[in-house]
Amino acid sequence: MVLDKTGTVTSGHPNVSDIIPAEGISENDLLAAACSLEKLSVHPFANAIGEECMRRGLKTQEVFDFKNIPGRGIQGSIHGKLHTIGNLAMMQELCADSTALQHFSEISQKLAALGKTPVFLSDGSRILGMIALADTVKHDSKEALQLFKHMHLHTVMLTGDNPQTAEAVGKQLEIEDVRAGLLPEDKERIIRELQNAGRKVAMVGDGINDAPALTRADTGIAIGAGTDIAIDAADVVLMKNSLMDAATSIQLSRQTMKNIRENLFWAFFYNIICIPAAAGVLIPFGIHLHPMFGAAAMSLSSVCVVLNALRLRKFRPFVSRSSAEKTSYPGTEPLQQQVTGSYPKSGKESMTLPKSLIQSSQQEKTAMEKIIYVDGMSCGHCTARVEKALKALPGVKNAVASLTDKNVTVTLEEPVETSILIRAIKDAGYEPVEK
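About the thresholds
Residues numbered from 1 in each chain as written. Predicted model: local features only at pLDDT ≥ 70, side-chain atom pairs only at ≥ 80, totals over all residues. Heavy atoms only, no water. Helix = DSSP H or I, 4+ residues; strand = E, 2+ residues; numbered from the N terminus. Polar contact = N/O pair within 3.5 Å; in protein donor to acceptor, adjacent residues only side chain to side chain. Contact = heavy atoms within 4.5 Å. Phe/Tyr/Trp six-rings, centres within 6.5 Å; stacked < 30°, edge-to-face > 60°. Buried < 20%, exposed > 50% of the residue type's maximum accessible area, 1.4 Å probe, protein only. Arc of directions from axis to C-beta.

Enquirer: Mind showing me how you'd approach the side chain of asparagine 162 here?
Expert: Along the chain, asparagine 162 falls in the loop between β8 (156-158) and α7 (163-173). Within polar-contact distance, the side chain of asparagine 162 engages the side chain of aspartate 161 at 3.3 Å. A polar contact is formed between the side chain of asparagine 162 and the backbone nitrogen of threonine 165, at a distance of 2.9 Å. Excluding residues within four positions of it along the chain, asparagine 162 makes contact with Ala112, Lys116, Thr117, Pro118 and Ala180.

As C-alpha cells, then:
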C-alpha cells in the first residue's frame, strides 16, 4: 500500500505557522508577494497562504507568465521581476547567496523536525524569506494504518516534502518506509520498482503530482476531495476524504474474491457429479436421471450461486476494538447505509430565515453555527468545492460538508448574512434546498 502524504494521510488543510522574512523585508510584504503567486495555484499550501493574507487584509499584485513546476514550486512575474516559490532545492538552483541559503536551511530543518513544511520565496537574485505551514494528520489516519498492518499490507509513504517533515509525520503514524523529496516521476519510478520486485501495488493519492503514480499502480485509489486529474487517473474513487474508506474497499474486494472462489468451487463440484449422472454413467447400476430432475438440478445450481453471492450484503468492515469504542469513522458503517445514506431528522427549533434553508443544529455548541442543506453533492470532490467556496468568505471560520447528510455546517467567527452563504454555494455550482 503506497500513500501520498499531503491531503491523503494529512488533512490537506494546512495553516501558516511561521513567517520568516529576510533582512529588510517585512512579514506582510513577504506574505503579500507569496499570496500573489499562490492565488493562481491549486495546491493546499496556496489556500493556507491565501487565507492568512486575507486575515491580515493584505492586497495582492497582478502576476504575469505564471508557471507551475510539478514537485518543485511555482513562478511568475510581479512588476516585471521573476518571483519563485519553491523548496530548498529549487532555491539552491536559483540563488547564489550561500550565506542566506545556509541561514534559511538551518531554520527550515528545525521547523521540519516539528512536522512543519517550509516554502521559500525568491525574486531571482536573493531569497526574500520563508513561510512554514503546518498540516495536521487526519483523525483516522493512524487507525487506517493499523488496519493495513492487520491486513498484512506493507505501507510506504511518498511525498515531495522535505525528509525531516516526512520523517516526523511517519514517526507519528508509525510508518517505517518513508520516502521524501520526490518529484511526480520519482513516485512513478518507485511504484514501478516495487512491481518489478513482484509486489502488487495500490496507490492512494489526491493531487496532480500523484497522477503518474496512480496510473502506474496496479490499483489507483483517489481520495474523493482530490483534483480532477487524480480522479481521472485512478481506478477507484473514494466518496469521502478518509483513509478508512481505502481500508474498507480493500476488505470488500477481498471478500468479493473469496465469494467468487466459493461460487466457482461449488459450481464445478456440483457439475462434476451431476453431468456424468445426466450422461447415463449410473444406468448400469439401475439409476436413471429423468430429464425433468436434470433441469431442476441445473436451476438449483444457479440459485445456490446467487444466494452465496448475496451474502455480500451482510459485509461489515473490520474495525479494531479501540475504534469501535469511538464514534464510527466515515466508511465503517454498513455497506447498505453507505450506498443509500440517510437524511437527519429536522430539529424542532429552526431559525426564521427565508425559505427555511437554515436550521439550527441539534448539537449546536455556539450560536455562530449554521447548517445549509445542499443538493447535487455526489462525491468528495463536490464537498471540497463547497467547503472551499464558503471558507473564502470573510467571517467564516470553517465549513464541513457531509455527503451522507446532504448538508454543510458553517462555523462563523462573526455574523454573516445567510444570503451571502447561499450565493457562495450557488457560485460553486450547487443549489441549497429547503428542509
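Enquirer: How should I be thinking about the packing of aromatic side chains in this particular structure?
Expert: The relative placement of two aromatic rings is captured by the distance of their centres and the angle of their planes. Under the counting rule described, the total for this entry stands at three aromatic pairs. Arranged with centres 5.1 Å apart and planes meeting at 75°, the rings of phenylalanine 265 and tryptophan 266 form a pair that is edge-to-face. On the basis of relative accessibility, which here comes to 49%, the residue phenylalanine 265 falls in the partly exposed class. Its relative accessible area of 52% is what places tryptophan 266 among the exposed residues. On the basis of an interplanar angle of 90° and a centroid distance of 5.8 Å, the ring pair of tryptophan 266 and phenylalanine 269 is categorised as edge-to-face. Taken together, the residues span about one helical turn, with tryptophan 266 and phenylalanine 269 both in helix α11 (residues 243-278) at a distance of three residues. Through pairs of rings, three or more aromatic residues link up here, namely Phe265, Trp266 and Phe269.

Enquirer: Honestly, α7 in this entry has me stumped. Any pointers?
Expert: Each full turn of the α-helix corresponds to 3.6 residues, which orients residues three or four apart in the same direction. When α7 is considered as a whole, its buried residues turn out to be Thr165, Ala166, Val169, Gly170 and Leu173. Along α7, the residues classed as buried sweep out an arc of 130° about the axis, all on the same side. Packing partners of the buried residues in α7 comprise α1 (5-9), α5 (98-113), β6 (116-122), α6 (141-150), β8 and β9 (177-179). The N-cap residue of α7 is asparagine 162: its side-chain oxygen and the backbone nitrogen of glutamine 164 are 3.2 Å apart.

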